[in-house]
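Observations on the model geometry
So you can see what is in the structure, the chains are spelled out below.
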Amino acid sequence: MPNDPCDAAADDSAGPAQDAAGRARRISMQRRGPLLVEGPVEIELEDGSTVRSDRFRVALCTCRRSRRYPWCDTSHRRKA
Amino acid sequence: MNDHLRGPLLPPSRGPLSAAVTSYLRGTGPLPRPADAAAADPYGDDLQLALYLCYELHYRGFAGVPPEAEWDPELLGVRAALEQRFGSALRADTPVHDSLDQALAALLVEPVEGTGVSHFLSAEGELWHLREYAAVRSLYHLKEADPHAWVLPRLWGRAKAAMAAVEYDEFGGGRAERMHARLFADLMRDLDLDTVYGRYLDAAPAEMLAVVNLMSLFGLHRELRGALVGHFAEVEITSSPGSRRLAEAMRRTGAGPAAEFFYDEHVTADAVHEQVVRHEVIGGLLEEEPELAPDIVFGIDATEYLEERLGRRLLDRWGAGRSALRTPLAAPEQPSPEAPETHRHRQMSHTS
């Protein structure tokens, strides 16, 4: 299971949320597109409120156009 | 016990091929000859239903059909002839991109003025359109992500791990009540539709059967694992913006909280899935088997091709003020402000 801490030792590319081995959490960045963060996550917004997701991975909006902010809703896509 | 007596009912046939397959499954008649399949309209109601019946034996089967029918060698022979007809037509008719990058890039551009079904439903869809849309789509959504699970043993390493992670999310992350197929049943309940698996098979036009048959074809053949991955990428990449429009349509028409939630969930879920499928599943598969790139492109483009045909069918019928289904839906149970629509809906002609 993607969130199972037992996977931590066997996998050094993308790991579980609870990193018992003390490994840093991996975040994937792209020039155009969301930040990809291993879930579950809890995110504190500017107004002090928090939102959470326990999805195995979450996509965080970086273009600020998302109507589901802070989650990506693919609004960064090029329009044509 | 008596497992084979439960399950969906066999639907009425739509021509000689589907009639023969149906009577063979009931044990009352011979199979069609493979040559009959070779002469049939590859996208028509008859061939598509015959193929759908063959494939359904790998999912839930039908009431009264013994489970061994799934691996009946003669039936598999007929299935192969039907697949050959459908598959070769798709190879001939699908406009394919020159490269995977081009195929993916085309999916990642959002049209400023879209003309698809979700654009129509978002802008002017009425409750009866949404009910028809959900009834048609239920053929897939009530087994959402099932055909894609078949690809797992055919993948390795990064592609497999990522595909399994996305499937885990599709299946509710370990919680039955969050399973996407279950969320769709909740949506159907909001729309006063029957949530029984297979209930709208007879109502669904050939264009929808072809969409589902494509997934089963890709899922059941290891040879087509690249196409399955391409198909899955197409679904995940196009889902998020489409789901946003469908969620708007559900909100605007007051369809209900579960109806909104199904599409809201897909806006954010598929924004993630899209990334994972492109970078990890496709990326991982190409690392292992770079020669599969053209198959991935075919999977993407064949899906687009069949989805466009389905979209045209729905919009053409709705544009003419007619039902897009083969058999009209029963009216919603409770009297509602939509009563005049319901009345009109009831009067719509049966078309097939």
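Up top is the structure.
Now for a look at the structure at hand. (Residues numbered from 1 in each chain as written. Chains lettered and ligands numbered in written order. Predicted model: local features only at pLDDT ≥ 70, side-chain atom pairs only at ≥ 80, totals over all residues. Heavy atoms only, no water.)

A closer look at the overall build of chain B
Helix and strand counts for chain B stand at 15 helices and zero strands. For chain B, with 352 residues in total, the buried portion stands at 59%. Residue pairs at least 24 apart in sequence account for 80% of intrachain contacts in chain B once pairs closer than 6 positions are excluded. Counting every atom, chain B has about 14,100 Å² of accessible surface; 53% of that belongs to carbon and sulfur. (Helix = DSSP H or I, 4+ residues; strand = E, 2+ residues; numbered from the N terminus. Buried < 20%, exposed > 50% of the residue type's maximum accessible area, 1.4 Å probe, protein only. Contact = heavy atoms within 4.5 Å. Areas by Shrake-Rupley, 256 points an atom, 1.4 Å probe, with all protein chains shown as cover.)

Digging into the packing of helix H12 (residues 225-252) of chain B against helix H13 (residues 257-288) of chain B
All names here are of chain B. Remark: H12 packs on H13, axes separated minimally by 7 Å, with the N-to-C direction vectors making an angle of 155°. Taken as axis vectors, H12 and H13 run roughly antiparallel relative to one another. The handedness of the crossing between H12 and H13 is left-handed. Here the contact of H12 with H13 is composed, by residue class, of 15 nonpolar, six polar and eight charged. (Axes fitted to C-alpha atoms, helices over the stretch in contact; angles between N-to-C directions. Parallel < 35°, antiparallel > 145°, perpendicular 65-115°, else oblique. Left-handed = near helix turned anticlockwise from the far one by under 90°. Nonpolar A, V, L, I, M, F, W, Y, C, P; charged D, E, K, R; others polar.)

Quick look at the pattern of salt bridges
According to the stated counting rule, one finds 25 salt bridges over all chains in the structure shown. A salt bridge links A:Arg55 to B:Asp169; its shortest N-O distance comes to 2.7 Å. With A:Arg55 in the loop between strand S4 (50-53) and strand S5 (57-60) and B:Asp169 in helix H9 (residues 157-170), this residue pair bridges two chains. Looking at A:Arg55, the relative accessible area reads 11%, which means it is buried. The shortest N-O distance in the salt bridge between B:Glu110 and B:Arg245 comes to 3.1 Å. Remark: B:Arg245 occurs in helix H12 and B:Glu110 occurs in the loop between helix H5 (100-107) and helix H6 (117-124); sequence separation between them is 135 residues. Several salt bridges share partner residues, and in doing so they unite A:Arg55, B:Asp169, B:Arg178 and B:Glu265 into one network. (Salt bridge = Lys/Arg side-chain N within 4 Å of Asp/Glu carboxyl O.)

Thoughts on the packing of aromatic side chains
All names here are of chain B. Summed over all chains, the structure comprises seven aromatic pairs over all chains. Considering the side-chain rings of Tyr43 and Tyr305, the 6.1 Å spacing of their centres and the 65° angle between planes classify their relative orientation as edge-to-face. Of this pair, Tyr43 sits in the loop between helix H2 (34-39) and helix H3 (45-56) while Tyr305 sits in helix H14 (residues 293-319), and the two are 262 residues apart along the sequence. Relative to Trp150, the ring of Tyr59 has its centre 4.8 Å away and its plane inclined at 50°; by these criteria the two rings are tilted. One end of the pair, Tyr59, is in the loop between H3 and helix H4 (73-93); the other, Trp150, is in the loop between helix H8 (146-149) and H9, and 91 residues separate them in sequence. Residue Trp150 is classed as partly exposed on the basis of its relative accessible area, which comes to 22%. An aromatic cluster of at least three residues, connected via ring pairs, comprises Tyr43, Phe86 and Tyr305. Over the ring of Tyr59 we find Lys143, and its NZ or CZ is 3.9 Å from the ring centre. (Phe/Tyr/Trp six-rings, centres within 6.5 Å; stacked < 30°, edge-to-face > 60°. Lys NZ or Arg CZ within 6 Å of the ring centre and 35° of its normal.)

Digging into the interface of chain B and chain A
Contact residues are listed per partner, giving 30 residues for chain B and 22 residues for chain A. Interface area for chain B against chain A, summed over the two sides, is near 2,200 Å², with a carbon-plus-sulfur share of 55%. Three residues stand out in chain B for area buried against chain A, namely B:Arg244, B:Val272 and B:Gln275, and they jointly supply 23% of the buried area on that side. Seen at the junction of chain B and chain A, the total is six salt bridges. With a shortest N-O distance of 3.7 Å, B:Arg175 and A:Asp54 are connected by a salt bridge. (Buried area = accessible area lost by both parts, 1.4 Å probe.)

Observations regarding H12(B)
Residues and elements named next belong to chain B. Across its 28 residues, H12 extends 40 Å between first and last C-alpha, which sits within 8% of the 40 Å expected from 1.5 Å per residue. Helix geometry: H12 is bent most strongly at Ser239, by close to 45°, with proline Pro241 lying one to four residues after it. Within H12, 23 of the 28 residues are buried, which leaves the element mostly enclosed by the surrounding structure. (Expected span 1.5 Å × (residues − 1). Bend = angle between axes of the 7 residues up to and from the residue.)

Observations concerning the side chain of B:Ser18
All names here are of chain B. Here Ser18 shows up in helix H1 (residues 16-26). Ser18 sits in the buried class, given a relative accessible area of 0%. When near neighbours in sequence (up to four residues on either side) are disregarded, Ser18 contacts Ser13, Asp46, Leu49, Ala50 and Leu53.

Quick look at the side chain of A:Arg68
In this structure, A:Arg68 sits in the segment after S5. Those residues in contact with A:Arg68 that sit more than four places away from it in its chain are A:Asp73, B:Arg244, B:Arg251, B:Asp264, B:Val267 and B:Thr268.

Here we look at unusual backbone geometry
Omega for the peptide link from A:Gly39 to A:Pro40 comes to -5°, which places this bond in the cis form. Tracing the backbone shows A:Pro40 in the loop between strand S2 (35-38) and strand S3 (41-44). Here the bond from A:Tyr69 into A:Pro70 is cis, since omega is 5°, no more than 30 degrees from zero. Structurally, A:Pro70 is set in the segment after S5. For B:Asp192, which is not glycine, the phi dihedral falls at a positive 55°.

Considering the pairing of S2(A)
Residue and element names in this part refer to chain A. Two elements, strand S1 (residues 27-28) and S2, share two bridges in a ladder whose sense is antiparallel. Within S2, the position partnered with Ile27 by the bridge is Val37. Joining the antiparallel neighbours S1 and S2 is a turn of six residues, in which Gly33 adopts a positive phi near 140°. (Pairing = 2+ DSSP bridges.)

Focus on the sheet that holds S5(A)
Here we have three strands laid out as an open sheet, ordered S1-S2-S5 (chain A), and antiparallel in their pairing. Single-partner strands in this sheet number two, and they are S1 and S5 of chain A.

A closer look at the packing of helix H7 (residues 127-141) of chain B against H14(B)
Residues and elements named next belong to chain B. As a packed pair, H7 and H14 sit with axes 12 Å apart at the nearest point and diverge in direction by 150°. Taken together, the axes of H7 and H14 are roughly antiparallel relative to one another. Between H7 and H14 lies a crossing whose hand is right-handed. The residues of H14 that touch H7, namely those facing Trp128, His129, Glu132, Tyr133, Val136 and Arg137, are Glu307, Leu310, Leu314 and Trp318. Looking at side-chain class alone, the contact of H7 with H14 contains six nonpolar, one polar and three charged residues.

Geometric descriptors of this kind do not, in isolation, establish any biological role.
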